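Each chain is listed here by its residues.
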Amino acid sequence: MTANVRSARGDDLSVPVPQELTPSSSATEETGSVVVTGVAVVQVKESPREFLRAARRNLTGDEAASPAGIRWLTHDVERLDQECAALRTELSQLRERHDLLQREHTDKRIEVESLKAKSHVSLKTEILSYLCISAGSVGLGASPKYLAIPEAAQFAEIVLAVSVFLILGGIVLRVLK
Amino acid sequence: MTVEITSVTSAGDLNRERVVMKASAKGNIGTYALFQAISSDDGLVLSGNIPYAYWFADKDINRGDFIVLYTKQGTQSEKKNKDGTTSHFFYWGLSSPLWTSGTTPVLLSAPDWQFGTPIK
């Protein structure tokens, strides 16, 4: 009988269970076990370094002044210095990242505002272009009728010229928007 | 790792379902955690979401000792075996069986850890 367990690395951890340790064996069954007194169902875990912290707090002046005490405290100071340096580096990196993100945010806001302004101008140009082409088309459509009338021919020529100008203007506006 | 999983016994039967581990050296079972991990199709285990985890309480164990983690509720207990070893019984405190098809027990050795700030 084996426990079919594999590690994340794929190592086979299957362990043959000796005959005397099969499920029917009493060694792995709770029957006959004695409750461990003074142990709560949920135990409060402390940090692996907690015992050192307690020991440091309980150091007497003489103990702290002894060579071993000085070595220990010096080592602890060095450890804290290293931690402090590592945290400073991390803080500096985070600040740089924050600055970069803030700059990027400002750039994006400028870009958005610029696009908004452009879109506003673009709408005005669109309306103007539409009006020019519409008016030009009306003039272009109506002028041939008036060209046939001798009294209105001169006026029709002007309307025709203005209409052509308006249509060209409208097209140019649409292209350049 | 000085503790190894030897078997999952009586899977599906809440009253008897347990993971049996054995210590190969003296140590503290409080530096181990057991995961109920999801099995992958190729027989390995998936990282990421771990549905259930059990972090053992601090307790000294000796070479040859058994560590038995029951799925059900119960109070931590122990018993001496004929060969001089001790069986240590822990209880997950769940109300339904844990070891169903597609799950794999993973024993994690965690000799060091760090607390974050408690969320208020």
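Residues numbered from 1 in each chain as written. Chains lettered and ligands numbered in written order. Predicted model: local features only at pLDDT ≥ 70, side-chain atom pairs only at ≥ 80, totals over all residues. Heavy atoms only, no water.

Examining the overall build of chain B
Each helix and strand counted, chain B has zero helices and ten strands in total. When the helices and strands of chain B are placed in sequence order, the string is β-β-β-β-β-β-β-β-β-β. Of all 120 residues assigned to chain B, the portion counted as buried reaches 48%. In chain B, once contacts between residues fewer than 6 apart in sequence are set aside, the share between residues at least 24 apart is 55%. Looking at chain B as shown, the accessible area adds up to about 6100 Å², and 50% of this sits on carbon and sulfur atoms. (Helix = DSSP H or I, 4+ residues; strand = E, 2+ residues; numbered from the N terminus. Buried < 20%, exposed > 50% of the residue type's maximum accessible area, 1.4 Å probe, protein only. Contact = heavy atoms within 4.5 Å. Areas by Shrake-Rupley, 256 points an atom, 1.4 Å probe, with all protein chains shown as cover.)

Some words on the confidence of the model for chain A
Residues and elements named next belong to chain A. Residues at a pLDDT of 70 or more form 75% of chain A, whose mean pLDDT is 79. Confidence scores differ between elements of chain A, with helix H1 (residues 50-57) showing the lowest mean pLDDT of 66 and helix H3 (residues 67-147) the highest of 90. Below a pLDDT of 50 lies the segment residues 1-24, which in the model reaches 51 contacts outside its immediate sequence neighbourhood of four places, other chains included. (pLDDT = per-residue confidence, 0-100.)

Concerning the pairing of strand E1 (residues 3-9) of chain B
All names here are of chain B. Of all seven residues in E1, five are buried; the element is thus mostly enclosed. Judged from the six bridges that link them, E1 and strand E2 (residues 18-23) form a sheet pairing that is antiparallel. Residue pairing in the sheet places threonine 9 in a bridge with arginine 18 of E2. (Pairing = 2+ DSSP bridges.)

Let's talk about the nonpolar core
Core analysis: the biggest nonpolar cluster contains 20 residues, and B:Val3, B:Met21, B:Leu34, B:Phe56 and B:Ile67 have the highest contact counts within it. When neighbours within four sequence positions are excluded, B:Val3 is seen to be in contact with B:Met21, B:Lys22, B:Ala23, B:Ile29, B:Tyr32, B:Ile61, B:Ile67 and B:Leu107. A:Ala27, B:Phe66, B:Val68 and B:Phe89 belong to the second-largest nonpolar core, a separate cluster that totals seven residues. (Core = buried A, V, L, I, M, F, W, Y, C linked by side-chain atoms within 4.5 Å.)

Some details on the sheet that holds strand E10 (residues 103-109) of chain B
Residue and element names in this part refer to chain B. Strands sit in the order E5-E4-E10 across an open sheet of three strands; the sheet is antiparallel. Two strands lie at the open edges of the sheet, namely strand E5 (52-55) and E10, each paired on one side alone. Along the sheet, successive strands turn relative to each other by an average axial angle of 20 degrees, direction set aside. Strand direction decides the pairing type here: strand E4 (residues 32-38) and E5, joined by four bridges, are antiparallel. Along E5, the bridge assignment pairs alanine 33 with tryptophan 55. (Axes fitted to C-alpha atoms, helices over the stretch in contact; angles between N-to-C directions.)

Focus on the pairing of E10(B)
All names here are of chain B. For E10, a buried count of five out of seven residues is recorded, marking the element as mostly surrounded by other parts of the structure. In this sheet, E10 lies alongside E4 in antiparallel orientation, the contact comprising seven bridges. The residue of E10 that forms the bridge with phenylalanine 35 is valine 106.

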